[in-house]
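Observations on the model geometry
Next come the chains, spelled out residue by residue.
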Amino acid sequence: MQLKLKLTVAAAFAAVAGMALAQEQVVKIGHVAPVSGAQAHYGKDNENGARMAIEDLNAQGVTIGGKKIKFELQAEDDASDPKQGTAAAQKLCDSKVAGVVGHLNSGTTIPASKVYHDCGIPMVTGAATNPNLTKPGYKTTFRIIANDLALGAGLAHYAHDTLKLKSFAVIDDRTAYGQGVADVFAKVGKELGMKQVDQQFTTDKATDFMAILTAIKAKNPDAIFFGGMDPQAGPMLRQMEQLGMANVKYFGGDGVCTSEIAKLAAGAKTLSNVICAEGGASLGKMPGGKAWKERYDAKYPGQFQVYSPYTYDATMLLVDAMKRANSVDPKVYLPELAKSNFKGVTANISFEKNGEMKNPAITLYNYIDGKKSPLN
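None of the values given here were measured: they were computed from a predicted structure.

This paragraph deals with the state of the cysteines. Evaluated as defined, the whole model comprises two disulfides. The disulfide partner of Cys93 is Cys119, and the S-S distance across this bridge is 2.0 Å. Negative torsions about the S-S bond denote left-handed disulfides, and the value of about -50 degrees found for Cys93 with Cys119 makes this one left-handed. Of this pair, Cys93 sits in helix α3 (residues 82-94) while Cys119 sits in helix α4 (residues 106-119), and the two are 26 residues apart along the sequence. Cys93 gets classed as buried once you look at its relative accessible area, which sits at 9%. Across the disulfide, Cys257 is cross-linked to Cys276 (sulfur-sulfur distance 2.1 Å). Across the S-S bond of Cys257 and Cys276 the torsion is about 70 degrees, and the bridge reads as right-handed. Taken together, the residues span a long stretch of sequence, with Cys257 in the loop between β10 (249-252) and α9 (260-264) and Cys276 in strand β11 (residues 274-279) at a distance of 19 residues. Look at the protein and number its bonded cysteines as they come in the sequence; the links are 1-2, 3-4.

An ideal rise of 1.5 Å per residue puts 18 Å on 13 residues; α3 measures up with 18 Å between its terminal C-alpha atoms. Taken as a whole, α3 has its buried residues at Gly85, Ala88, Ala89, Leu92 and Cys93. Buried residues along α3 cover an arc of 145 degrees about the axis, so they all sit on one side. Counted as exposed and oriented over 90 degrees from the buried face of α3: Lys83 and Asp94. Buried residues along α3 sit against β1 (24-33), β3 (67-77), β4 (99-102) and α4. Among the residues of α3, the N-terminal cap falls to Asp81, whose side-chain oxygen and the backbone nitrogen of Lys83 are separated by 3.2 Å. Backbone geometry just after α3 places Lys96 at a positive phi near 55 degrees.

The domains assigned to the protein are domain 1 (25-146 + 285-360) and domain 2 (149-279). A straight line from the C-alpha centre of domain 1 to that of domain 2 covers 29 Å. Taken together, the contacts link 20 residues of domain 1 with 18 residues of domain 2. Three residues, Tyr42, Gln305 and Val306, lead the burial of domain 1 against domain 2; their summed loss comes to 27% of the area buried on that side. Joining domain 1 to domain 2, the criterion identifies zero salt bridges. The interface formed by domain 1 and domain 2 holds six residue pairs in polar contact (both at pLDDT 80 or more) in total. Looking at the side of domain 1 that touches domain 2, the elements with two or more residues in it are α2 (40-60) and α4.

For strand β14 (residues 362-368), the buried fraction is high: five of the seven residues fall into the buried class. By the bridge criterion, five bridges tie β11 to β14 in an arrangement that is antiparallel. When the bridges of β14 are listed, Glu278 appears paired with Thr363. Inspection of the sheet shows β14 paired to strand β15 (residues 371-374) by four bridges, in the antiparallel sense. Counterpart to Asn366 in the pairing with β15 is Ser373. If you look at the hairpin formed by β14 and β15, you'll find two residues sitting between the two strands, and Asp369 has a positive phi there, around 50 degrees.

Conventions we followed
- Each chain has its residues counted from 1, running along the sequence as written.
- Totals for whole chains, interfaces and linings use every residue, but because this is a predicted model, local features are given only for residues with pLDDT of at least 70 and side-chain atom pairs only at 80 or more, for both listing and counting.
- As a rule here, side-chain values come from all non-hydrogen atoms in the structure, and water together with hydrogens is ignored.
- The rule for a disulfide is simple: a pair of cysteine sulfur atoms within 2.5 Å.
- Secondary structure counts use DSSP, requiring at least four H or I residues in a row for a helix and at least two E residues in a row for a strand, with both numbered from the N terminus.
- Only protein chains enter the calculation, and the probe is 1.4 Å; a residue is then buried if its accessible area is under 20% of its type maximum, exposed if over 50%, and partly exposed in between.
- To estimate how far a helix should extend, the number of its residues minus one is multiplied by 1.5 Å.
- Directions from the helix axis toward the C-beta atoms define the arc.
- The contact criterion used is simple: two residues touch if any of their non-hydrogen atoms lie within 4.5 Å.
- A 3.5 Å cut-off defines polar contacts: any pair of N or O atoms within that distance qualifies, except that in protein one atom must be a possible hydrogen donor and the other a possible acceptor, and neighbouring residues in sequence count only when both atoms are side-chain atoms.
- An automatic or database domain assignment is the source of the domain bounds shown.
- Buried area, as used here, totals the accessible surface that two parts lose on assembly, with accessibility defined by a 1.4 Å probe and the loss added over both.
- Salt bridges are counted wherever a side-chain nitrogen of Lys or Arg sits within 4 Å of a carboxyl oxygen of Asp or Glu.
- Any two strands with at least two DSSP-identified bridges between them are counted as paired.

Dropping the structure here:
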């Protein structure tokens, strides 16, 4: 009798536990960035930000639609390659993720955005800055960082208005991001009265820039604008020093605005000539930047680059919309995402009709004793 009672009680506990498990729903959020290749340090930083948000959300015990939600991150690698980017996007669609954070590069994000649109999954990027991303008008596409129009224009104004520079040359890596931000800088620079003396092209795989820098040196510009990423900018700065171009200012967008560039420049004095721009406020001026960065550094020491606070906010933003809609179904929560007024770590986030962030800030930086320092 006593054994039978014990078995009955055990069965009851098992049934209750089974009901509890049945009430828990796993919701996957996708993340895509390059976690292999020359840009892996950016991609890992982005992924870390999204993972940190997932951990925080699961610690909160979020309930949506009467069910306790367990969030999982499905992280994919696009190796900063457009074909891999669309393949990763399709994989996330097939996996029926509830939303996507990413991608990092404009060249992968723009083609991937159509894949997400076609399968009805919202995507939020805090890194891809080419203005063409939002031009198709996809209702599933959102950006929570300033685009290249703001970055390129801000740098051109600083070159002309503050530094009083008269001439510049342009180099870009022929990617959607690099070419886009370089074109904006050149256009605004010329409108302000600066003279463009040369234009050169490279690739996002190159490491030898001696020929194009020698050609530019002959034109004697006050500044070079480089549209590209830090794996190229670092060696370029070293080679500028070798060619005696120590007095030439070096401008770039958020792709060069990293801590890693100081390592890649390997002690080149030309690092002190770098002026770069990022979308958003500096960490010290973000609403929750300092406290968040302390937590990030404790979890991922030495891995911070640029965008992880934005991937953190992008993940939180998706879930905030789900909570307000009381649904994890993309079709149901998408209208709430568009109406967001979310207080994030990086900023208060709300959107224009085209998915661009309202009133995005930009911050300019230089490098003092090898350390990235905000100028504004």
